[in-house]
Amino acid sequence: MSEELLREISTYATHITQAGSGRPVLWLHDSIGHRWTQGHEALSLHCSLTAPSLPGFVDSAALDGIDGPEDVVLWLLDLLDALTLDRPVMLGCGLGGWMAAEFAVRYPERLSRLVLVDAYGLQVNGALPADEFALTPPMLRPLLFSDPEGPIALEWLPNAPSPERMERTLHARVAAARLAWQFPYSTKLRGRLGRARVPALVLWGGRDGLVPVAHAYAYEKELPTAQVVVIDGAGHYPYIEEPDRFAEEVARFIG
Amino acid sequence: MRFYVFHLMPWPYLPEDFGQTHDTAWVVCENSLYDPVKGHELYNRYIDELAMVEELGFDGVCVNEHHQNAYGLMPSPNIIAACLTQRTKHIKLVILGNVLTLYDHPLRVAEEIAMLDVISGGRVISGQVVGTGNEFFSYNVNPTYARERYHEAHELILKAWTTPGPFPWEGKHFQFRYVNVWPRPLQQPHPPVWVPGSGSRETVEWVAKQRYTYMVLPTLAPYALRARTAEQFREECEKNGYTARHEQIGWGVGIYVAETDAQAVAEYEPHFWYYAKNLLRNRDTFNSPPGHSSVKSVMGVLEARRKGRPGNFSTWEEIQREGFVIVGSPATVRDRLKEIALHTGLGTLLPNFSVGNQPHQLTRKSMELFSREVMPGLRDINVDAPLEAREPAGSPV
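About the criteria used
- Residues numbered from 1 in each chain as written.
- Chains lettered and ligands numbered in written order.
- Predicted model: local features only at pLDDT ≥ 70, side-chain atom pairs only at ≥ 80, totals over all residues.
- Heavy atoms only, no water.
- Helix = DSSP H or I, 4+ residues; strand = E, 2+ residues; numbered from the N terminus.
- Rg over C-alpha atoms; globule rule 2.2 N^0.38 Å.
- Buried < 20%, exposed > 50% of the residue type's maximum accessible area, 1.4 Å probe, protein only.
- Contact = heavy atoms within 4.5 Å.
- Buried area = accessible area lost by both parts, 1.4 Å probe.
- Salt bridge = Lys/Arg side-chain N within 4 Å of Asp/Glu carboxyl O.
- Polar contact = N/O pair within 3.5 Å; in protein donor to acceptor, adjacent residues only side chain to side chain.
- Nonpolar A, V, L, I, M, F, W, Y, C, P; charged D, E, K, R; others polar.
- Core = buried A, V, L, I, M, F, W, Y, C linked by side-chain atoms within 4.5 Å.
- Arc of directions from axis to C-beta.
- Axes fitted to C-alpha atoms, helices over the stretch in contact; angles between N-to-C directions.
- Parallel < 35°, antiparallel > 145°, perpendicular 65-115°, else oblique.
- Left-handed = near helix turned anticlockwise from the far one by under 90°.

**Thoughts on the overall build of chain A**
A tally of helices and strands in chain A yields ten helices and eight strands. For a compact globule of 255 residues, the expected C-alpha radius of gyration is about 18 Å, and chain A comes in at 16 Å, within 12% of that figure. Over its C-alpha atoms, taken along the principal directions, chain A stretches across nearly 40 × 35 × 35 Å. Looking at chain A as a whole, 56% of its 255 residues qualify as buried. Counting contacts in chain A only where the partners sit at least 6 residues apart, residues at least 24 apart contribute 74% of the total.

**Considering unusual backbone geometry**
The linkage connecting B:Gly97 with the following residue, B:Asn98, adopts the cis geometry, with an omega of -5°. A cis amide bond, omega 0°, links B:Gly165 with the succeeding residue B:Pro166. Note on placement: B:Pro166 falls in the loop between helix H6 (146-162) and strand S5 (167-170). Backbone geometry places A:Arg87, a non-glycine residue, at a positive phi of 40°. Within the secondary structure layout, A:Arg87 lies in the loop between helix H2 (69-82) and strand S5 (89-93). One non-glycine residue, B:Met9, adopts positive backbone phi at about 50°. Along the polypeptide, B:Met9 turns up in the loop between strand S1 (2-6) and helix H1 (18-21). Residue classification places B:Met9 among the buried residues on the basis of a relative accessible area of 0%.

**Details of the interface of chain A and chain B**
Taken residue by residue, the interface counts 21 residues in chain A and 22 residues in chain B. Between chain A and chain B, the buried area comes to about 1700 Å², and carbon and sulfur atoms account for 62% of it. For the pair chain A and chain B, the interface holds one salt bridge. In this structure, A:Asp67 and B:Lys172 form a salt bridge, with 3.8 Å as the shortest nitrogen-oxygen distance. Run the count over chain A and chain B and you get nine residue pairs in polar contact (both at pLDDT 80 or more). For the side of chain A that touches chain B, the element with the most residues is helix H6 (residues 163-180) of chain A, which contributes eight residues. Each residue belonging to the side of chain A that touches chain B can be placed in one class, and the counts come to eleven nonpolar, four polar and six charged.

**Quick notes on the nonpolar core**
Judged by nonpolar contacts, the single largest core of 219 residues is most densely connected at A:Leu91, A:Tyr219, B:Ile255, B:Leu349 and B:Phe370. Every residue in contact with B:Ile255, bar those within four places of it in the chain, is listed here: B:Tyr268, B:Ile326, B:Val333, B:Leu337, B:Leu349, B:Pro351, B:Asn352, B:Phe353, B:Ser366 and B:Phe370.

**A short note on helix H4 (residues 137-144) of chain A**
All names here are of chain A. Listed in full, the buried residues belonging to H4 are Pro137, Leu140, Arg141 and Leu144. Down the axis of H4, the smallest arc covering the buried residues is 110°, so these residues share one side. Next to the buried residues of H4 lie helix H5 (151-156) and helix H9 (238-241).

**Some thoughts on the packing of helix H2 (residues 36-55) of chain B against helix H14 (residues 360-374) of chain B**
Residues and elements named next belong to chain B. With their axes 11 Å apart at the nearest point, H2 and H14 run at an angle of 15° to one another. When the axes of H2 and H14 are compared, the pair comes out roughly parallel. The interaxial crossing formed by H2 with H14 has right-handed handedness. Contacts from Arg45, Glu49, Met52, Val53 and Glu55 of H2 reach H14 at His360, Thr363, Arg364 and Met367.

So, to be careful, I would describe these as geometric facts and stop short of saying anything about function.
Right, here's the structure in full:
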């Protein structure tokens, strides 16, 4: 059973979902925004899971002050303090993975483990991520899901968001574009990854057509201690398409 | 009423099956479809069509700015305006760029518009534009900053024109230690400012507050929706303590005039469909990138569309019934424009005579008929009293 909170973290309205008990895990969401998935549910059986919305995702009119990853990193410091999270595992997916990596190169001592899932963040020659803001849902689904016209894909990325979900989806797109417009990486991150002295798991969907799996190996190469696990049957969201396998891999890694 | 001929400089040579093979004429529409040899002829033909405007008695021409597309081939409207300073002597040159959000050097805009104003003898009207969503993809400008970049660039340009330099500018998006634009514009305090819009409430409110001219854009939208925007603009002017001048309400619209109604439709329709089905062909994502308009505004537009816009315009009857364009004999076009003018209060008409792949002879004929048989009957409608001061319309008060 998960619990919902609304907190203000350094001026940004933040939705926080918490579930489970045990080792603290902080989950940073992808550009789809703050949504509870089967992967969250499955992982919360193994740990104390905290999933916050990233700044601006609740209200994109309040994005002032968020201009790049550094701003999110400082916000994350405030978040750890506000929630008294002591050396959590930081798990980031896609856009959130990039933010987690940016945090880890600056404050590795504040983390016990790092998990990057189909993460943005790196410039990899010949493997530019697809432009999620240029492609329509029917064009994106084959890049994001192993079964692009199956019920999971259509639930998570319908051709048009349902009227109830419309406003939240629009805010999420604005907040994501603020950070990830056209080139979702920082050119300096790769050279800084050696500073992230914290055990890392790099988890990737083998059929991710948005962020090519070459990015997983680039992270593995530059992080001091990293292992790559590729989940063959999944696209960009292994926690949606293969939630049990995903939770099992993460649980094994965090012990 | 005053008349400023609007031109898009469209690319008329897209392949027959373009609609089946492409989902957009913008951003990623491959530029191998552009043929520079045909392009050479075309630019010069289009410049001729704009230069003709003066001898036909119109008040001005409008050039505009779009990037990486087949819809409009003026990535630099300033270059076309520069050509026209040499081809015309009296008419206004309305430059609709510049897209202020796209440039990291708004001073370049201030310089070029001032150059054109000085060269033309004070004939420039400075359009100041946020830009379509497409341009943010083509120029890699983060659209979540669109509005604040626009407003900061606008303030900087106006200040560069009106405040003695050098002075420093320390903004969020732009920093210049030395703002000191040479040349200064000829029109004092600065060239009039016009702002186009497609109904976004934020733009309407801001333009009314600034007392600029608001142009209801000619992009395909039903008459009722556009008339509502003009009405909102007039209400906003009242809220700001003044009554809108007629010239502050600009109205872009596709027009075609021929000898009879039937002939006009027969001659115009195929070229209209080329425009509507090929040049306007686009992805929703390119049209409205995140943050280009506020979420509130996007929700409003979606709602208005659900109510007001036909899902897909597929028949000519629908186009005519909804008033997307005005096509007919001189009497038909004159009567319809008179009706629209009296309904909306517009004093600035921006007719676009060159649609899609319409050949030059038809464009020329239509403009001549309009000038001879339509314009005279409309000149005396919605005329403003002269402004008291020497300040041009569009000066901030």
